[in-house]
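# An overview of the molecular structure
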Amino acid sequence: MSRRVRRKGAQSKGKERTIAQGYSGIDDGISSSDRDGEVDWTSLPDDTVIQLFTCLNYRDRANLASTCRTWRALGSSPCLWKFLDLRNHKCDAATASSLASRCSKLQKLRFRGAEAANAIMNLQARGLREIHCDFCRDITDATLSVMAARHEALESLQLGPDSCERISSDAIKAVSLCCPKLKKLRLSGVRDIDGDAINALAKNCGQLVEIGFMDCVNVDELALGNLVTIHFLSVAGTRNIKWSSASQIWSKLPNLIGLDVGRTDISSSAVSKLLSSSQSLKVLSALNCSLLEEESNHISYNYKGKLLLAIFNDIFKALASLFPDVTNDYRNVFSDLRNLKNVNKNLNEILSWLEWILSHSLLRIAECNPQGLDSFWLRQGAALFLNLIQSLQEDVQESAATGLATFVVVDDENVTVHCGRAEVVMQDGGIRLLLNLAKSCRESLQSEAAKAIENLSVNARVAKAVAEEGGISILADLARSTNRLVAEEAAGGLWNLSVGDEHKGAIAEAGGVKALVDLIFKWPNSGGDGVLERAAGALANLAADDKCSMEVARAGGVHALVMLARSCKFEGVQEQAARALANLAAHGDSNSNNAAVGQEAGAIEALVQLTCSQNEGVRQEAAGALWNLSFDDRNREAIAAAGGVEALVALAQNCANAPQGLQERAAGALWGLSVSEANSIAIGREGGVSPLIALARSDVEDVHETAAGALWNLAFNAGNALHIVEEGGVPALVHLCSSSESKMARFMAALALAYMFDGRMDEIALIGSSSEGVSKSVSLDVDRRVALKHIEAFVLSFSDPQTFHTAAASSAPAALAQVAEAAHIQEAGHLRCSGAEIGRFVSMLRNSSSILKACAAFALLQFTIPGGRHAMHHAGLLQNTGATRVLRAAAAAATAPIEAKIFARIVLRNLEHHNGEASL
Amino acid sequence: MASPKVIVLRTCDGETFEVDESVVYVSETIKNMIEDGCGDGVIPLPNVSSKIFPKVIEYCKKHVSDFESLKKTSNGDEKEKDKDDDSSKKGKEAVPDVEEDAEEKARVEELKEWETTYMDIDQQVLFDLLQAANYLNIKGLLLMAAEKAASMIRGKTPEQIRETFNIKNDFTPEEYEEVRRENAWAFE
């Protein structure tokens, strides 16, 4: 059983061997024996090794630096430590201290959260010029003040985009006092920025060029007029601004070039004032300002050379007019500008600022997803994002990629992706751009790009484009990432791509299956459920394909998924793991995964447990898995031994109002179990009959068909048959038999009724007190008559008198073939009967009721028809029990109805056919 | 076209190679030497062996033709634009645009494939290639080779990296403890 398990063990124990294998896997042509000794990799030139370090992320750099003295020293080279992004790492005081010796030349730092903010002074990076912090909710005035005091060379300070709820004007004053070189200050969500703080900035920071006070509650707009040095100001999303005075004062700022007032309640008169009075202003960005949009018909995008960027204007055209002679096609304005060498410094500065405010604003707008912006997104929003992900500024790239991932999802709850938005991204070449981004070696970009690809791929056409652009192997690579966030989004992408049959093979080919299975082993108890749910979901889709399901098993997927089903506490993960196991076990005929799942220790017990979950989805998938597993005889008995009968009966009893998927699987699992008579008796004893009858009454074809199958199996046992009668099952089955749209449901209902009324039930029905016995037998008689009438009608519905008479009159095989073809129920070929069941039909051929005779012959015809999956098996059973004689008698009997005779002849013909096959 | 000038180069093991000037210009180092007037004699390459040099030349040849074809198309475009007046340009450009796009796509595909085959090399060759690219100052080649080496490092533990590159662990236990501490942050 544990071939896979053992192999995994070998990997972790016998390190040396696996390494050697991995190594020759990378380089096929290595002739290691004669050359290994010759090359001394530590003798590579220093700058080559440093180049090598720059290709790696922090984890791999750390590993490389831990190999030997030479590379440790090179890994500490200051040029590798100019920029540090700690967002994906836990950063406390001890961490920061351990980095200090390498951070003496550090210039730029990104991190997240208050703990890191308190710790970074331990880096002792006194030369630090840029600080950018996310998740700043808990950062206090004290923390920010210390941060400023320890980094006097600071030129750029950015806290956001989430709110700095605990920051007040005091800290801003402290920053102004400590950091005289400050050029750029961006703060989000500060409650109150008063005049004192702003005046302190004006007084102490003479080089201040850019201010961003975004999403704040109160900002002293008059004091902002004292910041005479600034070129750029953003108050996007900030409330309570008095626009009449603000426009008055700000239009006098002598150096103001760019102003962002997006997502505010600015009026058109204030906009006009700014555009008409300011001498220096070049760009006014006012995206998503509701008041302005209502009055928009008065304002064009270009007012005497000053641009207004708004949702109702053509933003590309506006930008192109700002940078004349740059481009013919203004949609390329960003890339043209970036490619231009020796652009003057001012234009560069404007471009950088514009990219930043646009990416920031568009992301915020996408997050709020306001109504009425559909046409904006389609006409220019998507194209703007795609331009921005090509920016040279990393945080712009990231915001734009996050924006792409966000704006396509219009309903978070149900993950509804807007079809038009997804496709416009694809049409504008966005897939290739995102895939390129995903290939970058920066993990934060990888994860955002992968997330965008993941969300966009919900759309099938986009998924196809992703596959065509080589996205599958890129995602498979990312799924191997040591960064959980990256791996999670990549697994999500593979999940969406694995929907449908188109890309499953390609995912397996790219090694995606192995990567997904490894993910489960890598983070079995990860803090979040995201990565496991996505990996299991993708594996579930993949396992639906026969070949891929083999691959999943080979990669150790059975063990991994059973592990999740057994021990993961997240319902989403349980659901996907159970679904994956169900799909793995669905290929009973073509591979051995069904047996393999059952043999994995604890698998069946876990699935039985999951059928009792609080969560409907989990119950459904677990029941589905047990249904599929029950096709294997040993699994079936193991399920029963693990308490499956009780659990599944309970499930069926409680699924009256459940979704049809759950109803179908509950009935299906009971059907599967009831293949053995012992189980079927147990099901009856546990009270399974009545819920199955209820499900047989369902209008949904899949549900009542499955329930009919289960009842058919149950009815084989006389005790259950009586139960079915007593619980009112006859009318339900009669109804199915006569009016279901599904031929299979009608067939199995008829067979259930035939079992119930072929006489065996009467023997036990009459045991009991005599008075009761009489009334019982009277009511039984009524049921019997109704049942037989409908069985007859059912059988007759497959027989056309004309062809029957022709067949009766002639012995030509063609006439029989015609009848057989008309009577054949395709799906019945999947049913497999035991010897006892076949024997029962054979004895029914001698039943005194001519209707049951015809029904039995009809059933045997279905079970032996050439091409049926189990036809050979059934033919063998018939021959072994000497049924040929009985069939001949039935075919020749003078008193039997014509249907019985003809059907019996067809069965004989079928047997001859199989005989011929067998002797070949 | 005038016949291209041929440069003679001698590798460290004494073998000489004759290569078109345009091809060796891909190497900044050789280009500088030629511009400094060494182009008429034999240029010595003391850090490059005759074993690896043909591989380097293969890269240069591939990329010199890329540079040249790029130059050609962009020149041609400009000329066309000069001739055409604005009104007729739009109609004409629409068609070649699509073709160019497809052509560009095919070219990128082809180059990718070439790179994959080119980089299908053993460790000895990779090592020599890194050294040669560094000495000859061929940025693209250095990046490609470093990326290849990086792909052999990613996801491996220090011990696995040592195995891969046959590196001796020369840390004392105390040192190694220190190394472990200073790198712990990257794994959290």
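Structural notes, computed from the coordinates. (Residues numbered from 1 in each chain as written. Chains lettered and ligands numbered in written order. Predicted model: local features only at pLDDT ≥ 70, side-chain atom pairs only at ≥ 80, totals over all residues. Heavy atoms only, no water.)

Check the secondary structure of chain A and you find 53 helices and 15 strands. Since a compact globule built from 920 residues should have a radius of gyration of about 29 Å, the 37 Å found for chain A marks it as more spread out than a globular shape. Here the C-alpha coordinates of chain A stretch approximately 115 × 75 × 55 Å along the principal axes. Counting the 920 residues in chain A, one finds 57% classified as buried. The long-range share in chain A, meaning contacts at least 24 apart out of those at least 6 apart in sequence, stands at 69%. (Helix = DSSP H or I, 4+ residues; strand = E, 2+ residues; numbered from the N terminus. Rg over C-alpha atoms; globule rule 2.2 N^0.38 Å. Buried < 20%, exposed > 50% of the residue type's maximum accessible area, 1.4 Å probe, protein only. Contact = heavy atoms within 4.5 Å.)

Let us look at the overall build of chain B. Secondary structure assignment for chain B yields 8 helices and 3 strands. In chain B, the succession of α and β elements from N to C terminus is β-β-α-α-β-α-α-α-α-α-α. Counting over 188 residues, chain B shows a buried share of 38%. Look at the contacts in chain B between residues 6 or more apart in sequence, and 61% of them connect residues 24 or more apart. Taken as a whole, chain B presents about 11000 Å² of accessible surface, with 51% of it coming from carbon and sulfur. (Areas by Shrake-Rupley, 256 points an atom, 1.4 Å probe, with all protein chains shown as cover.)

Okay, the sheet that holds strand S3 (residues 42–45) of chain B next. Hydrogen bonds along the backbone pair up the strands of a sheet, which may run parallel or antiparallel. All names here are of chain B. On the basis of which strands lie adjacent, the open sheet formed by 3 strands has the order S2-S1-S3 and mixed pairing. Two strands in the sheet have a free side with no partner beyond their single neighbour: strand S2 (16–20) and S3. Pairwise comparison of adjacent strand axes, ignoring direction, gives a mean angle of 35° for this sheet. Alignment of strand S1 (residues 6–11) against S3, held across 4 bridges, turns out to be parallel. Bridged to Leu9 within S3 is Ile43. (Pairing = 2+ DSSP bridges. Axes fitted to C-alpha atoms, helices over the stretch in contact; angles between N-to-C directions.)

What follows deals with the interface of chain A and chain B. Taken together, the contact pairs 49 residues of chain A with 49 residues of chain B. The contact between chain A and chain B buries some 4700 Å² in all, and 59% of this surface belongs to carbon and sulfur atoms. At the junction of chain A and chain B, the tally comes to 3 salt bridges. We note a salt bridge from Arg72 of chain A to Glu182 of chain B, for which the minimum N-O separation is 3.1 Å. Linking chain A with chain B are 15 residue pairs in polar contact (both at pLDDT 80 or more), by the criterion used here. Put simply, the parts of the chain that give the side of chain A that touches chain B at least two residues each are helix H2 (15–26), helix H4 (46–54), helix H5 (58–65), helix H6 (69–75) and helix H7 (93–100) of chain A. Broken down by element, the residue count for the side of chain A that touches chain B peaks at 7 residues, all from H5 of chain A. Tallied by class, the residues present in the side of chain A that touches chain B amount to 21 nonpolar, 13 polar and 15 charged. (Buried area = accessible area lost by both parts, 1.4 Å probe. Salt bridge = Lys/Arg side-chain N within 4 Å of Asp/Glu carboxyl O. Polar contact = N/O pair within 3.5 Å; in protein donor to acceptor, adjacent residues only side chain to side chain. Nonpolar A, V, L, I, M, F, W, Y, C, P; charged D, E, K, R; others polar.)

Here we take up the pattern of salt bridges. Residues and elements named next belong to chain A. Enumeration over the complete set of coordinates arrives at 40 salt bridges over all chains. Put simply, Glu165 and Arg137 hold a salt bridge, and the shortest N to O gap is 2.7 Å. With Glu165 in the loop between strand S4 (156–159) and helix H10 (169–178) and Arg137 in the loop between strand S3 (130–134) and helix H9 (141–150), this pair connects stretches of sequence that are 28 residues apart. On the accessibility criterion, Arg137 (39% relative accessible area) is partly exposed. Across the salt bridge formed by Arg534 and Glu454, the nearest N and O atoms sit 3.0 Å from each other.

Bringing the environment of Leu845 of chain A into the picture now. All names here are of chain A. Relative to the assigned elements, Leu845 resides in the loop between helix H49 (835–844) and helix H50 (850–864). Under the relative-accessibility criterion, Leu845 is labelled buried at 4%. Every residue in contact with Leu845, bar those within four places of it in the chain, is listed here: Lys853, Ala856, Ala857, Leu860, Val886 and Leu887.

Right, let's talk about the environment of Lys31 of chain B for a bit. Residues and elements named next belong to chain B. With respect to the element layout, Lys31 can be found in helix H2 (residues 28–38). Residues Lys31 and Arg107 lie 76 residues apart in sequence; the distance between their C-alpha atoms is 27 Å. If we ignore the near neighbours within four places in the chain, the residues touching Lys31 are Val24 and Tyr25.

Our next topic: the packing of helix H20 (residues 394–407) of chain A against helix H23 (residues 443–456) of chain A. All names here are of chain A. One way to put it is that H20 packs onto H23 with a least axis distance of 8 Å and a crossing angle of 20°. Taken together, the axes of H20 and H23 are roughly parallel relative to one another. Helix-helix and strand crossings are classified by hand; for H20 and H23 the assignment is left-handed. When H20 is examined against H23, the residues Gln397, Glu398, Ala401, Thr402, Leu404 and Ala405 are found in contact with a partner set consisting of Ser444, Leu445, Glu448, Ala449, Lys451, Ala452 and Asn455. (Parallel < 35°, antiparallel > 145°, perpendicular 65-115°, else oblique. Left-handed = near helix turned anticlockwise from the far one by under 90°.)

Cis geometry is found at the peptide bond from Gly160 of chain A to Pro161 of chain A, where omega equals 15°. Secondary-structure assignment places Pro161 of chain A in the loop between S4 and H10. The phi dihedral of Gln124 of chain A is positive, around 50°, even though this residue is not glycine. You can call Gln124 of chain A exposed: its relative accessible area is 55%. Backbone geometry at Asn166 of chain B places phi at a positive 55°, although glycine is not the residue there. Asn166 of chain B gets classed as partly exposed once you look at its relative accessible area, which sits at 39%.

Moving on to the state of the cysteines. All names here are of chain B. Summed over the entire model, instances satisfying the criterion amount to 0 disulfides over all chains. Here Cys12 is not cross-linked by a disulfide; its sulfur's nearest cysteine counterpart is in Cys60, at 17 Å. Given the relative accessible area of 2%, Cys60 is considered buried. (Disulfide = S-S within 2.5 Å.)

Attention now moves to helix H24 (residues 460–468) of chain A. Residues and elements named next belong to chain A. By the burial criterion, the buried members of H24 are Val462, Ala463, Ala465 and Val466. All buried residues of H24 lie within an arc of 160° about the axis, which places them on one face of the element. Away from its buried face by more than 90 degrees, H24 exposes Ala460, Arg461 and Glu468. Tucked inside the fold, the buried residues of H24 contact helix H21 (419–427), helix H22 (430–438), H23, helix H25 (471–479) and helix H26 (484–497). Gly470, located one to two residues past H24, shows a positive phi value of around 85°. (Arc of directions from axis to C-beta.)

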